[in-house]
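Structural overview
If you want the building blocks of each chain, they are given just below.
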Amino acid sequence: MQGMRILRFYVYVCAFIMLAPILITVPVAVTTTGYMVFPPKGFTLVWFLKCFQDQILVESLIRSVIIGVISAVLSVIIGLLSAFAVERGRFPGKTLCETLFAGPQMIPQIIFVVALLIFYETLGLNETFVGLLISHVLMGLPFAFRTLLVGVGSLDRRQEWSAQILGANPVKVFQHIILPQIKTGLIASFIFAFMLSFNNVTFALFLAGVGKKTLPVEMFQRLNIGGISPAIPAISFLLTVFGVLIFIVADRTVGIYRYLGGNENK
């Protein structure tokens, strides 16, 4: 019993250490001064409204959401097809292909960006939306592929065979047999790919064109300017709450926590 209490205390301490840097944005965002200061002076919630009145911030936010959604969808589609090919295909070099899918995940992003800059220069994709989108797909694809590979590997093939014997075509088999079984994996991989794209700074910092910054890049560059307004920590906290809500809703609806190996009877 004493050991469990110590372990529980240890978990709480670790959780607090991880959350403290995020929670510190709250008092900084409610200060009445026009610049970030800690401890805060006074109390106001006006900065939570002003962050959405900043046209540049709003435009970069919309741009980040668009790129994140499109890249996540493409990552899931490509990752699903690749997972089926690797799991059920029989071809030389299959193990090597599965390993290479983790390549972008293992290479430092700054090195990956330099390689993309050189490659895009030959194709004329530098500082274009398409080039930035491709880079975000390459970043999210390894995570989507690995997540979906687990789901494809756990499919009950007997149900597929039974449906085929009864005359179901491939589309019907996928819609009624395969899709319900991998639904959680699809949602989890989409969330992972979207959050990776939305939070990324390195790719967008080097590959985005002038006036086409994503929200993380805009926030990063403003942090290098002295006297920055509390609107930045305000939107940072709102984005944190949004991310937590996404995970909670996804877990309560499709059970992503249990899918990732969490305790179902917690």
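Residues numbered from 1 in each chain as written. Predicted model: local features only at pLDDT ≥ 70, side-chain atom pairs only at ≥ 80, totals over all residues. Heavy atoms only, no water.

Counting its regular elements, the chain contains 14 helices and zero strands. Expressed along its principal axes, the backbone C-alpha trace of the chain runs to roughly 70 × 65 × 30 Å. With 266 residues in all, the chain has 35% of them scored as buried. The long-range fraction of contacts in the chain, counting pairs at least 24 apart against all pairs at least 6 apart in sequence, stands at 69%. Counting only carbon and sulfur atoms, one obtains 70% of the accessible surface of the chain, whose full area is about 15,700 Å². Averaging the coordinates of the 19 positive side-chain charges in the chain and doing the same for the 11 negative ones gives two points 8 Å apart. (Helix = DSSP H or I, 4+ residues; strand = E, 2+ residues; numbered from the N terminus. Buried < 20%, exposed > 50% of the residue type's maximum accessible area, 1.4 Å probe, protein only. Contact = heavy atoms within 4.5 Å. Areas by Shrake-Rupley, 256 points an atom, 1.4 Å probe, with all protein chains shown as cover. Lys, Arg positive; Asp, Glu negative; His and termini not counted. Charge placed at Lys NZ, Arg CZ, Asp CG, Glu CD.)

A separate point is the side chain of Ser-64. By the secondary structure assignment, Ser-64 is in helix H4 (residues 55–88). We classify Ser-64 as buried; its relative accessible area is 2%.

As a further point, take the packing of H4 against helix H8 (residues 129–153). Axis separation between H4 and H8 bottoms out at 6 Å; the angle between their running directions is 45 degrees. As summarised for this structure, H4 and H8 are arranged oblique, according to the angle between their axes. Classified by chirality, the crossing of H8 by H4 is right-handed. Partitioned by chemical class, the residues of the contact of H4 with H8 number 20 nonpolar, seven polar and one charged. (Axes fitted to C-alpha atoms, helices over the stretch in contact; angles between N-to-C directions. Parallel < 35°, antiparallel > 145°, perpendicular 65-115°, else oblique. Left-handed = near helix turned anticlockwise from the far one by under 90°. Nonpolar A, V, L, I, M, F, W, Y, C, P; charged D, E, K, R; others polar.)

For the rest of this paragraph, the subject is the packing of helix H7 (residues 109–123) against H8. The contact between H7 and H8 brings their axes to 12 Å, and the two run at 140 degrees. As the angle between them shows, H7 and H8 are arranged oblique. The way H7 lies across H8 gives a crossing that is right-handed. Seen from H7, the contacting residues are Gln-109, Phe-112, Leu-116 and Tyr-120; seen from H8, they are Gly-131, Ile-134, Ser-135, Leu-138 and Met-139.

This paragraph deals with the nonpolar core. Membership of the largest hydrophobic core comes to 18 residues, with the highest contact counts inside it found for Leu-215 and Met-219. Mapped onto this core, the elements with two or more residues apiece are helix H3 (46–50), H4, helix H10 (170–199), helix H12 (215–223) and helix H13 (231–254). If we skip the residues at most four places from it in the chain, Leu-215 touches Leu-57, Ser-60, Leu-61, Ser-64, Phe-198, Ile-235 and Leu-239. Counting residues in hydrophobic clusters, the runner-up holds 16 residues, among them Ala-83, Val-86, Ile-178 and Leu-186. (Core = buried A, V, L, I, M, F, W, Y, C linked by side-chain atoms within 4.5 Å.)

A few words now on the packing of aromatic side chains. The description of an aromatic ring pair uses the distance of the two centres, along with the angle that the planes make with each other. In the structure shown here, the tally under the stated rule is five aromatic pairs. With 5.7 Å between their ring centres and 75 degrees between their planes, Phe-112 and Phe-203 make a pair best called edge-to-face. Here the residue Phe-112 occupies a position in helix H7, and Phe-203 occupies one in helix H11 (residues 202–207), the gap between them amounting to 91 residues. Given a relative accessible area of 1%, Phe-203 falls into the buried group. Arranged with centres 6.4 Å apart and planes meeting at 40 degrees, the rings of Phe-119 and Tyr-120 form a pair that is tilted. Aromatic ring contacts, followed pair by pair, group Phe-190, Phe-194 and Phe-198 into a single cluster. Over the face of the ring belonging to Trp-47 we find Lys-50, whose NZ or CZ atom lies 4.9 Å from the ring centre. (Phe/Tyr/Trp six-rings, centres within 6.5 Å; stacked < 30°, edge-to-face > 60°. Lys NZ or Arg CZ within 6 Å of the ring centre and 35° of its normal.)

What follows is about unusual backbone geometry. At Glu-127, a residue that is not glycine, the phi angle is positive and equals roughly 60 degrees. Inspection of the secondary structure assignment puts Glu-127 in the loop between H7 and H8. Looking at Glu-127, the relative accessible area reads 46%, which means it is partly exposed.

In this section: the environment of Pro-233. The residue Pro-233 is located in helix H13 in this model. By relative accessible area, Pro-233 is classed as buried at 5%. Considering only alpha carbons, one finds Pro-233 and Val-30, 203 residues apart in sequence, at a separation of 9.2 Å. Sequence-distant contacts of Pro-233, that is, excluding residues within four places in its chain, are made with Thr-25, Val-28, Ala-29 and Met-36.

Turning to H10, a few remarks are in order. With 30 residues, H10 should cover 44 Å at 1.5 Å per step; its first-to-last C-alpha distance of 37 Å lies more than 12% under that length. Structurally, the start of H10 carries an N-cap: the backbone nitrogen of Val-171 is 3.1 Å from a side-chain oxygen of Asn-169. (Expected span 1.5 Å × (residues − 1). Polar contact = N/O pair within 3.5 Å; in protein donor to acceptor, adjacent residues only side chain to side chain.)

Let us look at the confidence of the model for the chain. Detailed reading of the predicted coordinates is not advisable wherever pLDDT falls low. For the chain, mean pLDDT is 81; residues scoring 70 or higher make up 92% of the total. When pLDDT is averaged over each helix and strand of the chain, the minimum, 56, is found for helix H14 (residues 256–259) and the maximum, 89, for H4. With pLDDT under 50 throughout, residues 261–266 is counted as low confidence; its partners more than four residues away or in other chains account for five contacts. (pLDDT = per-residue confidence, 0-100.)

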